[in-house]
There are 2 protein chains.
Amino acid sequence: MNEADIFKALADPTRRQMLERLSGGERNATELREGLAMSQPAVSQHIAVLRGAGLIEEEKSGRQMRYRIRADGMAPVVDWLTRYRGFWPERVERLKTLLREMDQ
Amino acid sequence: MNEADIFKALADPTRRQMLERLSGGERNATELREGLAMSQPAVSQHIAVLRGAGLIEEEKSGRQMRYRIRADGMAPVVDWLTRYRGFWPERVERLKTLLREMDQ
DNA sequence: AAAAAACATAAGAATCGACTTATCTATTCA
DNA sequence: TGAATAGATAAGTCGATTCTTATGTTTTTT
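Residues numbered from 1 in each chain as written. Chains lettered and ligands numbered in written order. Predicted model: local features only at pLDDT ≥ 70, side-chain atom pairs only at ≥ 80, totals over all residues. Heavy atoms only, no water.

The name an unreviewed UniProt entry assigns to chain A is ArsR family transcriptional regulator, from the organism Nitratireductor aquibiodomus RA22.

**Q** An account of the protein's contact with DNA strand D is needed here, citing residue identities and associated values.
**A** Surrounding DNA strand D, one finds 23 residues, the nearest of these being A:T30, A:S44, A:Y67, B:S39 and B:H46. Looking at DNA strand D alone, sugar and phosphate atoms form 61% of those within 4 Å of the protein. The contact in question runs from a phosphate oxygen of DNA strand D to an N or O atom on the side chain of B:K8, over 3.0 Å. Of all the secondary-structure elements, those providing two or more residues to the surface near DNA strand D are α3 (29-33), α4 (40-52) and β3 (64-69) of chain A together with α4 (40-52) of chain B. Here the surface near DNA strand D is composed, by residue class, of seven nonpolar, ten polar and six charged. (Near = heavy atom within 4 Å. Polar contact = N/O pair within 3.5 Å; in protein donor to acceptor, adjacent residues only side chain to side chain. Helix = DSSP H or I, 4+ residues; strand = E, 2+ residues; numbered from the N terminus. Nonpolar A, V, L, I, M, F, W, Y, C, P; charged D, E, K, R; others polar.)

**Q** Outline the packing of helix α2 (residues 13-22) of chain A against α4(A), listing residues and values.
**A** Packed helices, taken two at a time, are described by the angle their axes make and the gap between the axes. Residue and element names in this part refer to chain A. The interhelical angle for the contact between α2 and α4, taken along N-to-C directions, is 75 degrees, at an axis separation of 10 Å. For the element pair α2 / α4, the angle class is roughly perpendicular. Residues T14, R15, M18 and L19 of α2 form the contact with α4, whose own contacting residues are V43, H46, V49 and L50. Each residue belonging to the contact of α2 with α4 can be placed in one class, and the counts come to five nonpolar, two polar and one charged. (Axes fitted to C-alpha atoms, helices over the stretch in contact; angles between N-to-C directions. Parallel < 35°, antiparallel > 145°, perpendicular 65-115°, else oblique. Contact = heavy atoms within 4.5 Å.)

**Q** Explain the nonpolar core to me, and be specific about the residues and the numbers.
**A** In summary, soluble globular proteins display a tendency toward joint burial of nonpolar side chains. In this structure, A:L19, A:L55, A:M74, B:L19 and B:L55 are the most contacted members of the largest nonpolar core, which totals 46 residues. When sequence neighbours within four positions are dropped, the list of residues in contact with B:L55 reads B:I6, B:A9, B:L10, B:L19, B:L50, B:R68, B:I69, B:R70, B:G73 and B:M74. (Core = buried A, V, L, I, M, F, W, Y, C linked by side-chain atoms within 4.5 Å. Buried < 20%, exposed > 50% of the residue type's maximum accessible area, 1.4 Å probe, protein only.)

**Q** Quick one: what's the story with the packing of aromatic side chains, residue by residue and with numbers?
**A** The description of two aromatic rings rests on the distance between their centres and on the angle between their planes. Following the criterion strictly, the structure yields four aromatic pairs over all chains and no others. A ring pair is formed by A:F7 and A:W80, whose centres lie 5.1 Å apart and whose planes are at 75 degrees; its orientation type is edge-to-face. Residue A:F7 is located in helix α1 (residues 3-10), and its partner A:W80 is located in helix α5 (residues 75-82); the two are separated by 73 residues in the primary sequence. Relative accessible area serves as the criterion here: at 0%, A:F7 is assigned to the buried category. Residues A:F7 and B:F7 carry aromatic rings whose centres are separated by 6.5 Å and whose planes lie at 40 degrees to one another, so their mutual orientation is tilted. Highlighted residues: A:F7 in helix α1 and B:F7 in helix α1 (residues 3-10), drawn from two different chains. (Phe/Tyr/Trp six-rings, centres within 6.5 Å; stacked < 30°, edge-to-face > 60°.)

**Q** Give me the lowdown on the sheet that holds strand β1 (residues 27-28) of chain B, citing residues and values where you can.
**A** All names here are of chain B. With antiparallel pairing, three strands are arranged side by side in an open sheet as β1-β3-β2. Strand pairing shows two members of the sheet lacking a second neighbour, β1 and β2 (56-61), which therefore form its edges. Both β2 and strand β3 (residues 64-69) contribute to a ladder of six bridges, which runs antiparallel. Directly across from K60, in β3, lies its bridge partner M65. Against the sheet, helix α2 (residues 13-22) contacts β1, β2 and β3, and its axis sits at roughly 90 degrees relative to β3. (Pairing = 2+ DSSP bridges.)

**Q** Tell me about the packing of α1(B) against helix α5 (residues 75-82) of chain B, residues and numbers included.
**A** Residue and element names in this part refer to chain B. Relative orientation of the contacting elements α1 and α5 amounts to 105 degrees, with a least axis distance of 9 Å. Between α1 and α5, the crossing angle belongs to the class labelled roughly perpendicular. The residues of α5 that touch α1, namely those facing E3, I6 and F7, are P76, V77 and W80. Classifying every residue of the contact of α1 with α5 gives five nonpolar, no polar and one charged.

**Q** An account of the protein's contact with DNA strand C is needed here, citing residue identities and associated values.
**A** Close to DNA strand C lie 23 residues, the nearest being A:S39, A:H46, B:T30, B:S44 and B:Y67. A breakdown of the atoms of DNA strand C within 4 Å of the protein gives sugar and phosphate a share of 63%. With respect to DNA strand C, the backbone of B:M65 contributes an N or O atom lying 3.3 Å from a phosphate oxygen. Only α4 of chain A together with α3 (29-33), α4 and β3 of chain B provide two or more residues apiece to the surface near DNA strand C. By residue class, the composition of the surface near DNA strand C is seven nonpolar, ten polar and six charged.

See below:
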């Protein structure tokens, strides 16, 4: 729930890939595992880290778990980032472009 | 320079503290070490990680190095974040507001 | 010129993180 | 009911990180 746990969670490429996948909608653990060359427990452990960081939430559905991105999960990171806004001016052009995209 | 290196660099609390300190202005390595219960080489190694991630830059000044936050160092993180903008609407609004302020 | 100061690099120890296999629970299906 | 499926947890291995001490380089001070 704090930025420390979140940055640690995001430091791993597998977990970032899982988030990427979840950004396309809910997935269960088996679906999250697809294409990943690792065991089921490894996936389960990654999921635990993401949940511990508050980045995902889950819902039990029969014998499977449906995972989804937690809406406010990234908030501490955004807050943290804005502390460095004083250093962004040189990148404004690029950020403006992003902003325009976000507005669509 | 990519988000992988940046998230790894940010995963360490000592390095985040150093960035925090640098957000108050330029510091040399000795100043960055103040208050940290670790050896000089440990500090030097953390600095190397931050530089490797593109988060800080340096300037030699006599026998000391002046470090400062690199203006667009955090840009890949912002880019990465905006890919998930659909999942944390309210925080993105704040970010957008900030960017608009900078735009003026 | 010698000593001190600021920092980097090397090598090794200790700790942490990401995996593995084995096993457990809960649910569904035959 | 018994077998299969979905997932979590436990314990151990291994490589990556984060420290340490030792030492090297460059610049400043005396």
